[in-house]
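Below, each chain spelled out in residue letters.
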Amino acid sequence: MFAAARLFGAEIEARAHSGDRLSFIGRHRDLTAPAALEPNAQLDNRTGSGLDPCLAQQLSFTLAPAQTATVVWLFGEVMSEAELTALLAQCLDAPAIAAALASAQEFWRDVVTRIQVQTPEPAIDLMLNGWITYQNLGCRIWARSALYQSGGAFGYRDQLQDAAALVVMRPELTRQQILLHAAQQFVEGDVLHWWHPAPIGRGLRTRFADDLLWLPFVTAHYVRVTGDAAILDEMIPFLTAPLLAPGEDEAYLQPQPSGEVADLYEHCCRTLERSLAVGAHGLPLMGTGDWNDGMNRIGREGRGESVWMGFFLYRILGDFMPLCAARGDDAAVARYSAHQTALAAALATSGWDGAWYRRAYDDDGLALGSAHNAECRIDALAQSWAVISGAVPADRAAQAMDALETQLVDEDNGLIRLLTPPFIDTPQDPGYIKGYVAGVRENGGQYTHAACWAVLALAKLGRRERAARLLAMLSPVSHTATPAAVARYRLEPYALAADVYGAEPHIGRGAGVGTPARRGGGREWRWRRCWESRLKMGGRW
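Attention in this report is confined to the structure presented alongside it.

### Concerning the overall build of the protein chain
Right, on to step 1. Check the secondary structure of the protein chain and you find 17 helices and 22 strands.
Right, on to step 2. Computed over the C-alpha atoms, the radius of gyration of the protein chain is 25 Å, within 12% of the 24 Å expected from 2.2 N^0.38 for a compact globule of 541 residues.
Right, on to step 3. Each of the three principal axes of the protein chain carries a C-alpha extent, and together these read 80 × 50 × 50 Å.
Right, on to step 4. Going through the 541 residues of the protein chain one by one, you find that 52% of them count as buried.
Right, on to step 5. In the protein chain, once contacts between residues fewer than 6 apart in sequence are set aside, the share between residues at least 24 apart is 68%.
Right, on to step 6. A total of about 24,300 Å² of accessible surface is found on the protein chain, and carbon and sulfur atoms cover 57% of it.
Right, on to step 7. One finds the centroid of the 49 positive side-chain charges in the protein chain at a distance of 3 Å from the centroid of its 60 negative side-chain charges.

### Focus: the sheet that holds strand β9 (residues 203–206)
Sheet strands pair by backbone hydrogen bonding; their relative direction is either parallel or antiparallel.
Right, on to step 1. In space, the four strands of this open sheet follow the order β7-β8-β9-β11, with antiparallel pairing throughout. In this open sheet, the two strands that pair with only one neighbour each are β7 (154–155) and β11 (250–253).

### Remarks on unusual backbone geometry
When glycine is set aside, most residues are seen to have a negative phi, and most peptide bonds are trans.
Right, on to step 1. Following Ala198, the chain continues to Pro199 via a peptide bond in cis, the omega torsion being 15°.
Right, on to step 2. Relative to the helices and strands, Pro199 resides in the loop between β8 (192–195) and β9.
Right, on to step 3. Following Thr420, the chain continues to Pro421 via a peptide bond in cis, the omega torsion being -15°.
Right, on to step 4. Mapped onto the fold, Pro421 is located in the loop between β19 (419–420) and β20 (446–447).
Right, on to step 5. Positive phi, normally seen in glycine, also occurs at Asn40, with a value near 65°.
Right, on to step 6. Position of Asn40 relative to the elements: it lies in the loop between α1 (21–25) and β3 (53–60).
Right, on to step 7. According to the relative accessible area criterion, Asn40 is exposed, its value standing at 81%.
Right, on to step 8. Despite not being glycine, Trp291 has its phi angle at roughly 85°, a positive value.
Right, on to step 9. Looking at the element boundaries, Trp291 is found in the loop between α8 (264–274) and β13 (305–306).
Right, on to step 10. By relative accessible area, which is 2% here, Trp291 ends up buried.

### Some points on helix α10 (residues 330–351)
Right, on to step 1. In a regular helix each residue adds 1.5 Å, so 22 residues correspond to 32 Å; α10 covers 30 Å between its end C-alpha atoms and thus fits that length.
Right, on to step 2. Lining the buried residues of α10 we find α8, α9 (307–326) and β14 (360–361).

### Digging into the nonpolar core
Right, on to step 1. Ranked by internal contacts, the top residues of the largest apolar core, which has 92 residues, are Leu264, Trp291, Phe311, Phe312, Phe320 and Tyr336.
Right, on to step 2. If one sorts the elements of this core by residue count, α9 sits on top with 13 residues.
Right, on to step 3. Apart from the residues within four sequence positions on either side, Leu264 is in contact with Ile178, Leu179, Ala182, Leu215, Thr219, Ile231, Leu232, Glu234 and Ile236.

### Examining the pattern of salt bridges
Right, on to step 1. A complete count under the given rule lists 35 salt bridges for this structure.
Right, on to step 2. Arg463 serves as the salt-bridge partner of Glu405, at 3.3 Å between the closest nitrogen and oxygen. Placement of Glu405 in helix α12 (residues 394–408) and of Arg463 in the loop between α13 (448–460) and α14 (464–474) is noted, with a sequence separation of 58 residues between them.
Right, on to step 3. Of the residues examined, Arg463 reaches a relative accessible area of 23% and is grouped as partly exposed.
Right, on to step 4. Via salt bridges that share partners, Asp402, Glu405, Glu411, Arg463, Arg466 and Arg469 belong to a single interconnected network.

### Some thoughts on α12
Right, on to step 1. End to end, α12 covers 20 Å across 15 residues, agreeing with the expected 21 Å (1.5 Å per residue, within 8%).
Right, on to step 2. Every buried residue of α12 is listed here: Ala397, Ala400, Met401, Ala403, Leu404, Glu405 and Leu408.

### Describing the environment of Asp44
Right, on to step 1. Considering the arrangement of structural elements, one finds Asp44 in the loop between α1 and β3.
Right, on to step 2. On the basis of relative accessibility, which here comes to 31%, the residue Asp44 falls in the partly exposed class.
Right, on to step 3. The sequence separation of Asp44 and Lys434 amounts to 390 residues, and the corresponding C-alpha distance is 44 Å.
Right, on to step 4. When neighbours within four sequence positions are excluded, Asp44 is seen to be in contact with His17, Ser18 and Ser23.
Right, on to step 5. Within the structure, Asp44 has its side chain in polar contact with the side chain of Ser23 (distance 3.0 Å).
Right, on to step 6. Here the side chain of Asp44 touches Arg46 through a polar contact of 3.0 Å, landing on its backbone nitrogen.

### Regarding the packing of aromatic side chains
Right, on to step 1. Inspection of the entire model under this criterion finds 25 aromatic pairs.
Right, on to step 2. Ring geometry for Phe217 and Phe312: centres 5.6 Å apart, planes at 50°, overall tilted. Within this pair, whereas Phe217 is found in helix α7 (residues 214–226), its partner Phe312 is found in helix α9, the two being separated by 95 residues in sequence.
Right, on to step 3. The class of Phe312 is buried, set by a relative accessible area of 0%.
Right, on to step 4. Site record: aromatic cluster; members linked through ring pairs are Trp214, Phe217, Trp291, Trp308, Phe312, Trp385, Tyr447 and Trp453.

### So, the sheet that holds β13
Right, on to step 1. Strand order in the open sheet formed by three strands is β13-β14-β15, and the pairing between neighbours is antiparallel. The open sheet has two edge strands with one neighbour each: β13 and β15 (367–368).
Right, on to step 2. By the bridge criterion, two bridges tie β14 to β15 in an arrangement that is antiparallel. In the sheet register, Ala360 faces β15, and the bridge partner there is Leu368.

### Some words on the packing of α8 against α10
Right, on to step 1. Closest axis-to-axis distance for the α8/α10 pair is 12 Å, and the angle between their directions is 30°. Regarding the angle of α8 to α10, the classification is roughly parallel. Seen from above, α8 lies across α10 with left-handed handedness. Seen from α8, the contacting residues are Tyr265, Cys269, Leu272 and Glu273; seen from α10, they are Ala332, Arg335 and Tyr336.

### So, the environment of Val440
Right, on to step 1. One can find Val440 in the loop between β19 and β20.
Right, on to step 2. Relative accessible area serves as the criterion here: at 17%, Val440 is assigned to the buried category.
Right, on to step 3. Separated by 18 residues in the primary sequence, Val440 and Leu458 have C-alpha atoms spaced 25 Å apart.
Right, on to step 4. Once residues within four sequence positions are removed from consideration, Val440 is found in contact with Gly445 and Tyr501.

How each quantity is defined
- Residues numbered from 1 in each chain as written.
- Predicted model: local features only at pLDDT ≥ 70, side-chain atom pairs only at ≥ 80, totals over all residues.
- Heavy atoms only, no water.
- Helix = DSSP H or I, 4+ residues; strand = E, 2+ residues; numbered from the N terminus.
- Rg over C-alpha atoms; globule rule 2.2 N^0.38 Å.
- Buried < 20%, exposed > 50% of the residue type's maximum accessible area, 1.4 Å probe, protein only.
- Contact = heavy atoms within 4.5 Å.
- Areas by Shrake-Rupley, 256 points an atom, 1.4 Å probe, with all protein chains shown as cover.
- Lys, Arg positive; Asp, Glu negative; His and termini not counted.
- Charge placed at Lys NZ, Arg CZ, Asp CG, Glu CD.
- Pairing = 2+ DSSP bridges.
- Expected span 1.5 Å × (residues − 1).
- Core = buried A, V, L, I, M, F, W, Y, C linked by side-chain atoms within 4.5 Å.
- Salt bridge = Lys/Arg side-chain N within 4 Å of Asp/Glu carboxyl O.
- Polar contact = N/O pair within 3.5 Å; in protein donor to acceptor, adjacent residues only side chain to side chain.
- Phe/Tyr/Trp six-rings, centres within 6.5 Å; stacked < 30°, edge-to-face > 60°.
- Axes fitted to C-alpha atoms, helices over the stretch in contact; angles between N-to-C directions.
- Parallel < 35°, antiparallel > 145°, perpendicular 65-115°, else oblique.
- Left-handed = near helix turned anticlockwise from the far one by under 90°.

Written as structure tokens, this is what we have:
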């Protein structure tokens, strides 16, 4: 990273910097009155490890009466001193800097204005007409990092989902992302849960059940929107690495080229074939997680089943079969159609709880997301995807969403909970989700990703006014409309929060703005190990 300053209209008399947040803010002070702004204050020019990192620069210059000056700050990242020297040489005068700024602004204007919406709700329009697209491409796709969680890794499901949102605006970016992710697939069909690109080139092999399925899901979506069926003929290599040993949930490893190459269609089919196995209730096996990474011990022994995965796979098979038919792969069509029919039957019997859909069955065959559960009685994913998948009758879909609205939507606090009640004392071991404080993140807080699926489901049911109201409620604009709301929410008003806390004393507080690639070997991954160790010893936070 670098920061440079150009001064036009005056002479720089002194220049200082600091990489230490304490030096800039001052002890027992805050950003409303940092020590660095005191008269005659001077930054200490400290950088290096062991500091609370920040980037602060200070210029001193004198202006005569009526004199004006322009200071231009340049922020960026380069890989070498030579790169930095060459870049700064392009920014020697004000016109060159102005031209560079205009070019960047034009790029973003082109991206974010390709789709514009007009609704009666400003909180929706303000986010959709610019900010969300900017956050998605800049933070999630390119940086894969955010202020609160700096990872830098690609998440297999994460960036595929993000790229799907760009298919109308920048289809070439969606195409590139699909091919990149296909290249992270092992010959056995499973994929890297997350990985760091070269030069690190390492990633995490897991038993997560849903990761690999995002490839055919997003590929089918891309072809449907763009008509670019030629992507299915792109040749992509497979990876190889040691298989996970019995009882081994995951391994951080360096995969190698397998020497085997196949077209994208084969890559997608290999994920589907691997995902057709079912458990005792006829539902897909859950492995060590199924979108909700925190439920990593529900099916770790290989018998647990996911109701949500049943809906997800049903939808994917329906989307992908037309691609099989177009290629004359009648055997695949017959196989996937039969499996889709069987899934619908299992969801109607083992998935339905009487007033809503269950979430999962653990390795012992005990249900989660059922009215019989004291904790996690209902989960938003299953209800939303009952609608999104098209797998269930309209009356049951409506009943499931009625339950979601009654039990998970909290308009007073402006959030839609992922599940309720949170895991606290359940004797079942759902996984590291139980290590989160009740009401935080997946454990009973709002996970905004899932909350948006709930809005989509309401819209698909025809409850459009209700969907619009809840979409506006989720907007950070709505969370920061008053000083009191700002003090509670504590996050940027222009970036969608990854999650919102759902229990006192922090209810309504946002967290994890723009958090992508939360796996990338960063803080959460290490905290998870700490939580799991604590839980294995029988302790709770």
